[in-house]
Amino acid sequence: MQFDTWTKALPELLIDCLAVGVHEDGELTAEARTLDSKCGEKLSRLLKRGDFSAKPGETWLVTDVGGLGTERVLLVGLGPKVELGRKAWRKALGAAVSAATRTRCASLGLALPRPAAKLLNDERLGRAVAEVTGNTLYRVNDLKSAKKPRPHALAKIVLAAPAKAAAAIARGFAQGEALASGSAFMRNLANLPGNVCTPTYLGKMAEGLAKTHKSLKVKVLGLAEIKKEKMGCFLAVTQGSEEPPRFIVVEHRHPKAKNAPVVLVGKGITFDTGGISLKDPPTMDEMKFDMSGAACVLGTMNTIGTLNLPLNVIGIVAACENMPDGRAIKPGDIVTSAQGLTVEILNTDAEGRLILCDALNYAKRFKPSVVIDMATLTGAIVIALGTHHTGVFSNTDALAKELVDCGASVDDRAWHMPLTEEYGEQLKSNFADMANVAGRDGGSITAAAFLGKFTKDLTWAHLDIAGTAYQGGAGKGSTGRPSAMILEYLLRRAEAR
């Protein structure tokens, strides 16, 4: 997709289709009124007929308008006339792009009103346009045998903007394109079935990133190498599967980056049956998404490589299956982590924290400035926050606050959850240093507290994305979250270096 800005008179824009906004009362926005006056007030006459309600996200294509540089004007509903917020603006933008793909338009101009600058500055405006466009155009990578529908013709987006904003918007376009590409990379991995997207497959996809981006270096550890690292918790989870595990390390090093690296850690359970503590059959098919954290890490590394961010960033993925065969771990088994702490397995379905604790320990060798792990870790976080907010846990309140703020600024929302010492005490075991579960009460917090026992010498945050990384039901599929939040965090660090 090509992105550009138009800084001259709007009616002169030579474009296949030009999108403008309309409020529910039929009132045209300032941009739409400018066009209306040049085409003999055709738009306002049509609206007076009452055929277009202008509800949020509703569109109406007007053709052969005359007097303009475009032959098509796309009216986009904005709802009631109030100050436009980011959510309503994103909905209108996505609706405009989607409507354009239902035509044979190769280019779309955007002259929608924008939220106030305090809500969306010029750079973030460009980023959001490219991000929303990419997310709108994304199509699930299904494996259907039927012939694919004819692809859309849309190849260019032009944003009407003041000349003084063009440079900042262009920077945002580049960021948004990279973000959309990384998000699509994540979604494509997460949407694949578990018999295709295996740990081995994840390793090969990571190696492919190094071939695409010169700044990336990839190392993939197999079973023998994982054993040498003494990752007893990780090995315990994978021992019930015929699929071999993979431990993936992706390094982005920039010559201008002087600070210690940021380490991103992703849970990569490519299919989770629950092991011996077998899950209920309904919705078990969705457990192919249990590697969404890993997919997000790899997608983010793709974005970082595309932008060549002036940071040092390490991506770590622990990938395996959780299966219930005769060799699988059993409730009551005790295993030893790479850090040397012993863990009593009370529930084999609490496996994500087991692979993550060894991955977090591995991260220490990079002497990181910050470690952020992301994982579809607990159903409890869905009960607490639903599908709207990612749960943020941290041993540093300032880091948690920053991540929450990053999420809010890019509409990838998160919520700071408590993580005090009382929750860690619930993990006491009579037979080992700790148990891997602590009952139903505060389940997402005790899971984070478990990880906290392996991060005491790190500045660390844990993102529980079980409610936000994918959706089930008829619209089943990966959402790409929390890619936008993570990129915003990294961009801020790059600016502050």
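Residues numbered from 1 in each chain as written. Predicted model: local features only at pLDDT ≥ 70, side-chain atom pairs only at ≥ 80, totals over all residues. Heavy atoms only, no water.

Undergrad: Just checking my understanding: could you explain the overall build of the chain for this structure?
TA: A count of helices and strands for the chain gives 15 helices and 19 strands. For 497 residues, the compact-globule formula gives about 23 Å, and the C-alpha radius of gyration of the chain, at 25 Å, lands near that figure. With the C-alpha coordinates aligned to their principal axes, the bounding extent of the chain is approximately 85 × 50 × 40 Å. A burial count over the chain gives 56% of its 497 residues as buried. Sequence separation of at least 24 residues holds for 77% of the intrachain contacts in the chain that already meet a minimum separation of 6. Carbon and sulfur atoms make up 51% of the accessible area of the chain, which amounts to about 20,800 Å² in all. Seen as two clouds, the 61 positive and the 52 negative side-chain charges of the chain have centres 5 Å apart. (Helix = DSSP H or I, 4+ residues; strand = E, 2+ residues; numbered from the N terminus. Rg over C-alpha atoms; globule rule 2.2 N^0.38 Å. Buried < 20%, exposed > 50% of the residue type's maximum accessible area, 1.4 Å probe, protein only. Contact = heavy atoms within 4.5 Å. Areas by Shrake-Rupley, 256 points an atom, 1.4 Å probe, with all protein chains shown as cover. Lys, Arg positive; Asp, Glu negative; His and termini not counted. Charge placed at Lys NZ, Arg CZ, Asp CG, Glu CD.)

Undergrad: What's the story with the packing of aromatic side chains in this structure? I'm lost.
TA: For any pair of aromatic rings, geometry is given as the distance between the ring centres together with the angle between the planes. Within the structure shown, the criterion is met by seven aromatic pairs. A ring pair is formed by phenylalanine 52 and tryptophan 60, whose centres lie 5.8 Å apart and whose planes are at 40°; its orientation type is tilted. Looking at phenylalanine 52, the relative accessible area reads 7%, which means it is buried. Of the residues examined, tryptophan 60 reaches a relative accessible area of 22% and is grouped as partly exposed. Members of the aromatic cluster, joined through ring pairs, are Phe234, Phe247, Tyr362 and Phe366. Positioned over the ring face of tyrosine 362 is arginine 365, at 3.7 Å from the centre of the ring. (Phe/Tyr/Trp six-rings, centres within 6.5 Å; stacked < 30°, edge-to-face > 60°. Lys NZ or Arg CZ within 6 Å of the ring centre and 35° of its normal.)

Undergrad: How do you make sense of the side chain of threonine 303 when you look at a structure like this?
TA: Checked against the element boundaries, threonine 303 lands in helix H9 (residues 292-307). If we skip the residues at most four places from it in the chain, threonine 303 touches Ala178, Leu179, Gly182 and Leu487.

Undergrad: What should I look at first to understand unusual backbone geometry in this one?
TA: Peptide bonds are mostly trans, and most non-glycine residues show a negative phi. Along the chain, arginine 481 connects to proline 482 via a cis peptide bond; the corresponding omega equals 5°. Relative to the helices and strands, proline 482 is located in the loop between strand E19 (477-478) and helix H15 (483-496). Of note, the phi angle at alanine 54 is positive, near 60°, even though the residue is not glycine. Judged by its relative accessible area of 1%, alanine 54 is buried. Although it is not a glycine, lysine 230 sits at a positive phi angle of roughly 60°. Within the element layout of this structure, lysine 230 appears in the loop between helix H7 (223-228) and helix H8 (232-238). Using a relative accessible area of 63% as the deciding quantity, one classes lysine 230 as exposed.

Undergrad: Looking at this model, I keep getting lost on the packing of H9 against H15. Mind explaining?
TA: Each pair of packed helices gets described by two things: the angle between the helix axes and the distance between those axes. Taken N-terminus to C-terminus, the directions of H9 and H15 make an angle of 45°; their axes are 10 Å apart at the nearest point. Relative to H15, H9 is oriented oblique. Pair H9 / H15 crosses with right-handed handedness. Residues Cys296, Thr300, Thr303, Ile304 and Leu307 of H9 touch H15, and the partners they reach there are Ser483, Ile486, Leu487 and Leu490. Across the contact of H9 with H15, the residue classes tally to six nonpolar, three polar and no charged. (Axes fitted to C-alpha atoms, helices over the stretch in contact; angles between N-to-C directions. Parallel < 35°, antiparallel > 145°, perpendicular 65-115°, else oblique. Left-handed = near helix turned anticlockwise from the far one by under 90°. Nonpolar A, V, L, I, M, F, W, Y, C, P; charged D, E, K, R; others polar.)

Undergrad: I tried to follow the nonpolar core on my own but got confused; where do I start?
TA: Here is a general trend for soluble globular proteins: nonpolar side chains tend to be buried in one another's company. Counting residues in each nonpolar core, the largest one holds 55 residues, and the members touching the most others are Leu298, Ile372, Met374, Leu403, Leu463 and Leu490. Other than its neighbours up to four places away in sequence, leucine 490 contacts Val262, Thr300, Ile304, Leu309, Leu311 and Val313. Ranked by size, the runner-up nonpolar core spans 43 residues in total, among them Phe234, Ala236, Val263 and Tyr362. (Core = buried A, V, L, I, M, F, W, Y, C linked by side-chain atoms within 4.5 Å.)

Undergrad: Help me understand the environment of proline 255, please; the structure alone is not making it clear to me.
TA: Here proline 255 is to be found in the loop between strand E8 (246-252) and strand E9 (262-272). Put simply, proline 255 and proline 310 are 55 residues apart on the chain and 7.6 Å apart in space, counted from C-alpha to C-alpha.

Undergrad: I tried to follow the packing of helix H4 (residues 122-137) against helix H5 (residues 166-191) on my own but got confused; where do I start?
TA: Interaxial distance between H4 and H5 falls to 6 Å at its minimum, and their mutual angle equals 35°. In this structure, the crossing between H4 and H5 has a hand that is right-handed. Of the residues in H5, those touching H4 at Asp122, Glu123, Leu125, Gly126, Arg127, Val129, Ala130, Glu131, Gly134 and Asn135 are Ala168, Ile169, Arg171, Gly172, Phe173, Gln175, Gly176, Glu177, Leu179, Ala180, Ser183 and Arg187. Broken down by class, the residue content of the contact of H4 with H5 amounts to eight nonpolar, seven polar and seven charged.

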